[in-house]
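Coordinates in review
Listed here are the chains, written in short residue letters.
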Amino acid sequence: MRDADGTVRPAYKELAKLLDGLSIESLVTKQEAADALFRRLGITFAVYSEGGSTERLIPFDLIPRILHHSEWSLVERGCLQRVKAINTFLYDIYHDQEILKAGLVPEELVFKNPAFRPEMCGVDLPKKVYAHVAGVDLVRTGERDFFVLEDNVRTPSGVSYLLENREIMMRLFPDAFNGQAVSPVGNYPERLLENLRAVAPGGADDPVVVLLTPGRYNSAYFEHVFLAEQMGIDLVEGVDLFVRDGFVWMRTTEGPVRVDVIYRRLDDDFMDPLAFYPGSMLAVPGLLSVVRSGRVALANALGTGVADDKAMYVYVPRMIEFYLGEHAILKNVQTYMLRDPKQCQHVLANMENLVIKEVQGSGGYGMLIGPASTKDEREAYKARVLENPDNYIAQPTLTLSTAPTLCNGELVPRHVDLRPFVLSGNETSVIPGGLTRVALRETSLVVNSSQGGGTKDTWVLERGAC
């Protein structure tokens, strides 16, 4: 919010005036009102480490994060570039595999990756789109320095919080939106549905789109319900769908209805028991055969997970150069591959200075934050690494930017990251702002809600607004 000398940054000028006119007591009152709204709306997430049935409110901070149009332009262009390259990479590895033949990506990172689906080789998808919805996790370390922490192209979540955060801010701070043009985000469901309909198999005049959920015990179930309602489509579970005569059908009270597009929020393994995990109770038997015949579209496509592996992340700048002929707009964080003995040796000798992560890890689990760890924790983690070095990468700890946050009745700085959402279908576009996640614990760098993090509304000021 402020420069190093304490001057309010231009993007925050109007908000600073508003905050100067409010007491801490009034902010706390509004925070309590926001919490009550979230509770009434049922905006929760499940914590799997507590048995999967523990529902929590996701913490919401009512001091927005604000980006100037010029700042956002950099982020937007970088995210578009990155997702276009990832979609092209996915098409390539399931077809001609030119980037592998060129030696720019190690073959074993693709073919030995558990997320690689050989069943998808040679399958032509509508508009060659694999990642219809992508979330790019960013951190900021300087004025124009945004780094990509990871790419999320399997079943990225969090957009419902983004939309509800804006709705609640507009209720509680209507005056804050007066006099400055904040880019709207409320048309996301409409844009998502438009992109999903655009990839329907040919011949469907009025494509039927459904959202496939694992059910109410999934951590993101609130989001599944929310998005289905906002798009005006059916929310279904595996038992609601079946395959017959080479098509996917939905059971309804008026008889079977043919389905053209499935926005799925299940991992690959649970999609079809005849092709993947045979014990899946969430799946649609025979679904893969319909996908391969081109008679139903899945968003995101099967096999996209090979592109958001934390080891594959290292090669995204190469993908951008190879497929697009451009340099990466957004930087990668320096990453050590522990599958390389020399890099592994360096990491194990410097664990106290690094963050070490599992290649397939998510949600802030399975990682070691070196500067915040004890010697015993490092020794225990080292033993895990040595059992399977290929499963780990390491990165230096970055000095993340902070944003003002209301904690225990005080405005204090807390570390934040940003997850913009990128939609691909008819065209590739980014919702302005994205989801800002905030580490509510002092000095913490972990922003995941499952690890005590919260969220903020993210404002992008339109051109000429400041």
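Nothing here was measured: the structure is a model prediction, and the numbers come from that model. Along each chain, residues carry numbers from 1 onward, in the same order as the chain's sequence is written. Residue-level local features of this predicted model are given only where pLDDT is at least 70; pairs of side-chain atoms are given and counted only at 80 or more, and the full residue set underlies all totals for whole chains, interfaces and linings. The basis for the side-chain values is all heavy atoms of the structure; hydrogens and waters are excluded.

**Quick word on the overall build of the protein**
The line we're drawing: Here a strand is any run of E in DSSP of at least two residues, a helix any run of H or I of at least four, and the numbering for each starts at the N terminus. Our radius of gyration looks at C-alpha atoms and nothing else; its globule reference is 2.2 Å times the residue count to the power 0.38. Exposure categories follow from relative accessible area, calculated using a 1.4 Å probe and restricted to protein chains: below 20% of the type maximum is buried, above 50% is exposed, and the middle band is partly exposed. Should any heavy atoms of two residues lie within 4.5 Å, those residues are counted as being in contact. Charged-residue counts in this description rest on Lys and Arg as positive and Asp and Glu as negative, His and the chain ends being excluded. The atom standing in for a charge is NZ when the residue is Lys, CZ when it is Arg, CG when it is Asp and CD when it is Glu.
If you tally the helices and strands in the protein, you get 12 helices and 23 strands. For a compact globule of 466 residues, the expected C-alpha radius of gyration is about 23 Å, and the protein comes in at 22 Å, within 12% of that figure. The burial tally for the protein puts 53% of its 466 residues in the buried class. Once local pairs closer than 6 in sequence are excluded, the contacts in the protein between residues at least 24 apart make up 68%. Computing the positive centroid from 48 side-chain charges and the negative centroid from 61, the protein places the two 2 Å apart.

**Let's talk about the sheet that holds strand 6 (residues 209–212)**
To keep it simple, the criterion reads: Here a strand pair is declared whenever DSSP counts at least two bridges between the two strands. Axes here mean lines fitted to C-alpha atoms, for a helix over just the part in contact, with angles spanning 0 to 180 degrees between N-to-C directions.
Strand order in this open sheet of 4 strands is 7-6-11-12, and the pairing throughout is parallel. Unpaired on one side and paired on the other, strand 7 (234–236) and strand 12 (297–299) mark the two borders of the sheet. Across the sheet, the mean angle from the axis of one strand to that of its neighbour is 30°, orientation sign disregarded. Note: strand 6 against strand 7, 3 bridges, orientation parallel. Its bridge partner lying in strand 7, Leu 212 is registered against Val 236.

**Looking at the packing of aromatic side chains**
Put simply, the test is: Note on ring pairs: Phe, Tyr and Trp rings are taken, using the six-membered ring of Trp, and paired if centres are within 6.5 Å. Classes follow the plane angle, with under 30 degrees stacked, over 60 edge-to-face and the rest tilted.
Tallied over the entire structure, the rule returns 10 aromatic pairs. Note on Tyr 161 and Phe 222: the rings are 6.4 Å apart at their centroids and 15° apart in plane angle, and the pair reads as stacked. Residue Tyr 161 is located in helix 6 (residues 159–172), and its partner Phe 222 is located in helix 8 (residues 221–231); the two are separated by 61 residues in the primary sequence. For Tyr 161, a relative accessible area of 8% translates into the label buried. Its relative accessible area of 14% is what places Phe 222 among the buried residues.

**Remarks on the environment of Ile 262**
Counting through the fold element by element, Ile 262 comes out in strand 11 (residues 261–264). Overall, Ile 262 belongs to the buried group, its relative accessible area being 0%.

**Quick look at the side chain of Ser 424**
Inspection of the secondary structure puts Ser 424 in strand 20 (residues 421–424). Apart from the residues lying within four places of it in its own chain, the contact partners of Ser 424 are Val 83, Asn 87, Val 129, Ala 131, His 132 and Asn 195.

**Description of the pattern of salt bridges**
Applied cut-off: When a carboxyl oxygen of Asp or Glu is within 4 Å of a side-chain nitrogen of Lys or Arg, the pair counts as a salt bridge.
All chains considered together, the criterion is met by 22 salt bridges. As a salt-bridge pair, Lys 17 and Glu 14 come within 3.6 Å of each other at their nearest N and O atoms. One end of the pair, Lys 17, and the other, Glu 14, are both in helix 1 (residues 13–20), 3 residues apart, so they sit about a helical turn from each other. Here Glu 14 falls in the partly exposed class, since its relative accessible area comes to 32%. Of the charged contacts, one joins Glu 71 and Arg 140 as a salt bridge, the two residues approaching to 2.7 Å between their closest N and O atoms.

**What about the sheet that holds strand 8 (residues 241–244)?**
With antiparallel pairing, the 3 strands of this open sheet are ordered in space as 8-9-10. The sheet terminates laterally at strand 8 and strand 10 (257–259), the two strands that pair on one side only. For this sheet, the mean angle separating the axes of adjacent strands, direction not counted, is 45°.

**So, helix 3 (residues 69–93)**
Cut-off, in case you're wondering: An expected span of 1.5 Å times one less than the residue number is assigned to each helix.
If you check helix 3, its first and last C-alpha atoms are 36 Å apart, about what 25 residues at 1.5 Å a residue would give, namely 36 Å. For helix 3, a buried count of 18 out of 25 residues is recorded, marking the element as mostly surrounded by other parts of the structure.

**Concerning the nonpolar core**
Short version of the rule: Put simply, a nonpolar core is a bunch of buried Ala, Val, Leu, Ile, Met, Phe, Trp, Tyr and Cys residues held in one set by side-chain atoms that sit within 4.5 Å of each other.
Phe 89, Leu 90, Leu 241, Ile 262 and Leu 287 are the most contacted members of the largest nonpolar core, which has 71 residues in total. Top element by residues in this core is helix 3. It accounts for 11 residues. With residues near it in sequence (within four places) discarded, Leu 241 still touches Leu 212, Val 236, Val 248, Trp 249, Met 250, Arg 251, Val 259, Ile 262 and Val 284. Counting residues in hydrophobic clusters, the runner-up holds 54 residues, among them Ala 11, Phe 38, Leu 227 and Met 231.

**As for the confidence of the model for the protein**
The condition is simple: Per residue, pLDDT captures the predictor's confidence, and it can take any value from 0 to 100.
Taken over all residues, the pLDDT of the protein has a mean of 91, while the share at 70 or more is 94%. Overall, residues 48–53 carries pLDDT values under 50, and its contacts beyond four positions in sequence, including any with other chains, amount to 8 contacts.

**Some words on unusual backbone geometry**
In the segment running from Ala 299 into Asn 300, the intervening peptide bond is cis, with an omega of -5°. Within the element layout of this structure, Asn 300 appears in the loop between strand 12 and helix 10 (316–324). One non-glycine residue, Gln 97, lies in positive phi territory at about 60°. With respect to the helices and strands, the residue Gln 97 is situated in the loop between helix 3 and helix 4 (98–101).

**With respect to the environment of Leu 138**
Residue placement: Leu 138 occurs in strand 4 (residues 133–142). Distance in space between the C-alpha atoms of Leu 138 and Asp 151 is 9.1 Å, their sequence separation being 13 residues. Once you skip the residues sitting within four places of it in the chain, Leu 138 turns out to touch Val 75, Cys 79, Phe 147, Val 148, Leu 330, Asp 417, Leu 418 and Pro 420.

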